[in-house]
Amino acid sequence: MIKVGIVGGTGYTGVELLRLLSVHPDVELTAITSRKEDGLPVADMFPSLRGKVDLAFSAPDKVDLSKCDVVFFATPHGVAMAQAPALLAAGVKVIDLAADFRLKNQETFEQWYKIPHTCPELLEEAVYGLPELNREAVKNARLIANPGCYPTTMQLGFVPLLKANLIDASALIADAKSGVSGAGRKAEISTLFSESSDNFKAYGVSGHRHTPETVAQLQRFTGLPVNLIFTPHLVPMIRGMHSTLYARLTTDISNEALQELFESTYKDAPFVDVMPFGSHPETRSTRGSNMLRLALHRPNNGNTLVILVVQDNLVKGASGQAVQCMNLMFGLDETLGLQQVALLP
Ligand SMILES: NC(=O)C1=CN([C@@H]2O[C@H](COP(=O)(O)OP(=O)(O)OC[C@H]3O[C@@H](n4cnc5c(N)ncnc54)[C@H](OP(=O)(O)O)[C@@H]3O)[C@@H](O)[C@H]2O)C=CC1
Ligand SMILES: CC(=O)N[C@@H](CCC(=O)OP(=O)(O)O)C(=O)O
């Protein structure tokens, strides 16, 4: 059994990790931290886990995480970087759901996240945890930088086209929408019911930290200089993400060939569903599941390609992806514990 520790068990990605890992056949939950709820049984805070998780939360300074085989950080940016060096030195693998190790460039990280990076020496080693594009590296990793939720949709939509040199890499556009759980469980005025329900708004239009993450990875995966306009929106739903990606085709290519490109790219990817050309994927077709679904459109048969991508921000966008990485790092079947079908209606 893999002994698992979770730092930040009271947040949304933390409880999502607990939902997935509590029924994972090869996992033994060993430690779950909370700074505020030391001693409180996890199932008292989350009755959905009654009978599944019998641990209590522990204050972070009271648990010995070096006894774990792997520790997930479901915490704000800056927490994992403080603890990763000691854990790795003790032989513990680390999966960070925050952005501490996503950007290879320390200056870029500090510019966007407004905190100093305290262990830049690990930036090069950290493996970007997007198995569909980076599976072999994930298998051999000690330290995983789990991708941001929006960047997962943008990369899986754009990379096949960029790799095949079919689109203008300098003119990528992503118009994306996220459910409110994407902002986490911490109290914030913008996520109050009266503020976020029955409302719809863009945010971060002049610059969002997922732009440099996505651009850097698109460039690493394809070797092309990339320019991206990314506009996120908050929509009044709890879970779910819908990204509408626009790309200008630079080659004369049929819709059938484009469809075939995506189907062959993801033929061995159990969590990417390439839907028939012209489909309209819905966020609810991924709710609670680790599946990302995408579909291609070509309006008026012109040279603009539209790629629709949906996922559950808390599963493929965060905790499910992290478990997928853990499976690969421990030589398990990638899909273990992640076979849930989306919840409908
Ligand atoms: N929500 C989403 O859809 C996604 C989130 N992410 C990233 O995942 C990470 C977690 O997000 P999310 O679960 O939404 O956030 P939440 O705000 O819901 O939870 C944060 C958790 O971190 C704990 N925590 C906060 N500060 C510290 C600290 N200094 N030391 C130890 N623990 C701390 C909190 O627990 P307590 O206060 O009890 O200690 C809480 O359990 C973030 O970095 C986020 O950006 C990534 C992709 C998608
Ligand atoms: C709706 C909402 O607020 N979403 C978050 C993104 C969540 C995510 O992926 O987070 P990290 O990259 O920070 O880990 C945001 O835009 O800040």
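A quick note: this is a predicted structure, and the numbers were derived from the prediction, not measured.

**Q** Whenever I open this one, the pattern of salt bridges confuses me. Can you help?
**A** Two side chains bearing opposite charge may form a pair once their charged atoms approach each other closely. All chains considered together, the criterion is met by 16 salt bridges. Note that D312 and R239 form a salt bridge whose closest N and O atoms lie 2.9 Å from each other. Taken together, the residues span a long stretch of sequence, with D312 in the loop between β13 (304–311) and α10 (315–329) and R239 in the loop between β9 (228–234) and β10 (241–248) at a distance of 73 residues. Ionic contacts of the salt-bridge type, sharing partners, join the residues E16, R19, R239 and D312 into one network.

**Q** Would you mind showing me how to read the packing of helix α6 (residues 149–163) against helix α9 (residues 255–265) here?
**A** Two quantities define a packed helix pair, namely the angle between the axes and the distance from one axis to the other. Following both chains from N to C, one finds α6 and α9 inclined at 115°, their axes separated by 10 Å at the closest point. Classified by the angle between their axes, α6 and α9 sit roughly perpendicular to one another. Between α6 and α9 lies a crossing whose hand is right-handed. Two secondary-structure elements touch here, α6 through L156, G157, P160 and L161 and α9 through L258, L261, F262 and T265. Tallied by class, residues from the contact of α6 with α9 come to 6 nonpolar, 2 polar and no charged.

**Q** Please explain the environment of A169 as it appears in this structure.
**A** Along the chain, A169 falls in the loop between α6 and β7 (172–178). When its relative accessible area of 10% is taken as the criterion, A169 is described as buried. In this structure, the C-alpha to C-alpha distance between A169 and P116, residues 53 residues apart in sequence, is 31 Å. Ignoring any residue separated from it by four or fewer positions in sequence, one finds A169 in contact with L162, L224, P225, V226 and N227.

**Q** Just to check I follow, could you spell out the site of ligand 2 for this structure?
**A** Close to ligand 2 lie 15 residues, the nearest being R102, C149, Y203, R209 and H210. In this structure, an oxygen atom belonging to ligand 2 sits 2.7 Å away from a side-chain N or O atom of R102. The side chain of Y203 places a nitrogen or oxygen atom 2.6 Å from an oxygen atom of ligand 2. Considering ligand 2 on its own, with 430 Å² of exposed area, one finds that the protein chains cover 84% of that surface. Per-class residue counts for the shell around ligand 2 are 6 nonpolar, 7 polar and 2 charged. Domain assignment of the residues forming the shell around ligand 2 places at least three in each of domain 1 (2–125) and domain 2 (149–313).

**Q** Can you walk me through the UniProt feature "domain: Semialdehyde dehydrogenase NAD-binding" (unreviewed entry) in the chain in this structure?
**A** Within the UniProt annotation, "domain: Semialdehyde dehydrogenase NAD-binding" (unreviewed entry) is assigned to residues 3–141. Secondary structure within residues 3–141 divides into 29% helix and 15% strand; the distance between the first and last C-alpha atoms comes to 17 Å.

**Q** Mind showing me how you'd approach the site of ligand 1 here?
**A** In the vicinity of ligand 1, 26 residues are found, and the nearest of them are T10, S34, R35, T75 and R185. Here an oxygen atom of ligand 1 sits 3.0 Å away from a polar atom, N or O, in the side chain of N313. For ligand 1, whose unbound accessible area comes to 900 Å², protein coverage reaches 86%. Of the residues assigned to the shell around ligand 1, the class counts are 9 nonpolar, 13 polar and 4 charged. Each of domain 1 (2–125) and domain 2 (149–313) contributes no fewer than three residues to the shell around ligand 1.

**Q** Would you mind going over the confidence of the model for the chain with me for this structure?
**A** Overall, the prediction assigns the chain a mean pLDDT of 97, with 100% of residues at 70 or greater. With pTM at 0.98, the complex prediction returns an ipTM value of 0.98.

Calculation rules
Residues numbered from 1 in each chain as written. Chains lettered and ligands numbered in written order. Predicted model: local features only at pLDDT ≥ 70, side-chain atom pairs only at ≥ 80, totals over all residues. Heavy atoms only, no water. Salt bridge = Lys/Arg side-chain N within 4 Å of Asp/Glu carboxyl O. Helix = DSSP H or I, 4+ residues; strand = E, 2+ residues; numbered from the N terminus. Axes fitted to C-alpha atoms, helices over the stretch in contact; angles between N-to-C directions. Parallel < 35°, antiparallel > 145°, perpendicular 65-115°, else oblique. Left-handed = near helix turned anticlockwise from the far one by under 90°. Contact = heavy atoms within 4.5 Å. Nonpolar A, V, L, I, M, F, W, Y, C, P; charged D, E, K, R; others polar. Buried < 20%, exposed > 50% of the residue type's maximum accessible area, 1.4 Å probe, protein only. Near = heavy atom within 4 Å. Polar contact = N/O pair within 3.5 Å; in protein donor to acceptor, adjacent residues only side chain to side chain. Areas by Shrake-Rupley, 256 points an atom, 1.4 Å probe, with all protein chains shown as cover. Domains from an automatic or database assignment. UniProt positions renumbered as here; feature names shortened; annotations may be inferred. pLDDT = per-residue confidence, 0-100.

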